[in-house]
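# Residue-level structure breakdown
What follows is each chain in one-letter form.
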Amino acid sequence: MKKRKLKPFVKGSIVGTLLLVCALGVGLLLNNQTASVSKVDSNFIYVNDYIFDSYYPVVNQDEKIIRPYSVDGVSISKNFYDVEATEEEQKNSIIYHEGIYMQNSGIDYKADEQFDVVASLSGTVTNVTDDTLLGKTIEIRNSTELILLYQSLGEVAVKKGDTVTQGQIIGKSGSCTLNSEVKNGLHFEMYKNGSVINPEKFYDKSVKDLADN
């Protein structure tokens with residue numbers, strides 16, 4: 001079979017087309033990379049705003065922290081684990097589950113009957129979950145730095161994004177797998193700047209007092 005030679009202008013057209021395709025491919029790749037970087041940068045800035053900046057402004061610095069319940073007959077079933085507490089107090093702040101001993105990071109309250117759980121401070125509901133181990137949980141932020149967790153709830157009366165006022169009923173006591181022996185309980189945790197703190201030490205203190213400590 002006789003081989004045909006391509007005319008010069010045909011060769012030029014083919015080469016030009018190939019170069020154009022390559023250029024377009026490189027352009028699309030760069031655009032995708034730029035979009036990815038922009039997306040990462042955007043999320044990174046958002047995360048920083050969420051954690052460090054005043055994304056959740058303090059609702060009321062003069063508001064005094066109240067207990068997460070308003071009825072009589074509620075008692076402590078398990079204390080917050082404090083390294084400075086007595087040995088006896090520390091024994092009552094250890095959680096045992098499936099062969100594992102854990103230090104309690106909050107306060108466990110109980111009562112003979114189901115009781116209303118109220119917001120200890122005004123704030124924004126930032127999360128509502130239902131965990132097989134911890135039960136129904138509500139996360140409320142009074143500010144970017146102050147987070148309150150209400151766990152092992154039997155009922156939830158708020159949803160993510162809601163604004164709640166201090167003393168408002170947000171749910172009812174319940175139980176969870178981690179503390180199954182308590183049927184009408186509440187596990188309550190407080191976090192300041194990402195560190196867990198003992199709620200019992202800050203009741204009746206204002207948000208401003210807490211911020212200064």
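Residues numbered from 1 in each chain as written. Predicted model: local features only at pLDDT ≥ 70, side-chain atom pairs only at ≥ 80, totals over all residues. Heavy atoms only, no water.

A separate point is the environment of K91. As for its placement among the helices and strands, K91 is situated in helix α2 (residues 87-91). The exposed category is assigned to K91, whose relative accessible area is 55%. (Helix = DSSP H or I, 4+ residues; strand = E, 2+ residues; numbered from the N terminus. Buried < 20%, exposed > 50% of the residue type's maximum accessible area, 1.4 Å probe, protein only.)

Turning our attention to the environment of I76. Along the chain, the position of I76 falls in strand β1 (residues 75-78). Overall, I76 belongs to the partly exposed group, its relative accessible area being 33%. Separated by 34 residues in the primary sequence, I76 and K110 place their C-alpha atoms 6.2 Å from one another. Ignoring sequence-local partners within four residues, the contact set of I76 consists of I107, D108, Y109 and E200. (Contact = heavy atoms within 4.5 Å.)

Here we take up the environment of L186. Inspection of the secondary structure assignment puts L186 in strand β11 (residues 185-192). Assessed through its relative accessible area of 0%, L186 is described here as buried. Sequence separation of L186 and G154 is 32 residues, and the distance between their C-alpha atoms is 9.0 Å. When sequence neighbours within four positions are dropped, the list of residues in contact with L186 reads P68, I107, D108, Y109, F115, V117, Y150, Q151, S152 and L153.

For any part of a model where pLDDT is low, the fine detail of the predicted coordinates should not be relied upon. When pLDDT is averaged along the protein chain, the result is 76; 71% of the residues meet or exceed 70. Strand β5 (residues 116-118) holds the highest mean pLDDT among the elements of the protein chain, 98, whereas helix α1 (residues 8-51) holds the lowest, 38. For the stretch residues 1-54, pLDDT sits under 50, and the model shows 16 contacts to residues farther than four places along the chain or on other chains. (pLDDT = per-residue confidence, 0-100.)

Under the definition given, this model contains three aromatic pairs. Here Y69 and F115 contribute two aromatic rings whose centre-to-centre distance is 6.2 Å and whose plane-to-plane angle is 75°, an arrangement assigned as edge-to-face. Of this pair, Y69 sits in the loop between α1 and β1 while F115 sits in the loop between β4 (107-110) and β5, placing them 46 residues apart in sequence. Each member of the pair, Y69 together with F115, is buried. (Phe/Tyr/Trp six-rings, centres within 6.5 Å; stacked < 30°, edge-to-face > 60°.)

Take the nonpolar core next. Core analysis: the largest hydrophobic core is formed by 29 residues, its most contacted members being Y109, I138, Y150, I170, L186, F188 and M190. Looking at this core, the elements that each hand over two or more residues are β4, β7 (135-141), β8 (146-156), β11 and α3 (207-212). Examining the composition of this core, we find that four residues originate from one element, β8, more than from any other. (Core = buried A, V, L, I, M, F, W, Y, C linked by side-chain atoms within 4.5 Å.)

Turning to the pattern of salt bridges, a few remarks are in order. Across all of its chains, the model carries six salt bridges by this definition. K136 is the partner of D130 in a salt bridge, and the nearest nitrogen-oxygen pair spans 3.7 Å. A relative accessible area of 58% places D130 in the exposed class. Of the charged contacts, one joins R141 and E139 as a salt bridge, the two residues approaching to 3.7 Å between their closest N and O atoms. (Salt bridge = Lys/Arg side-chain N within 4 Å of Asp/Glu carboxyl O.)

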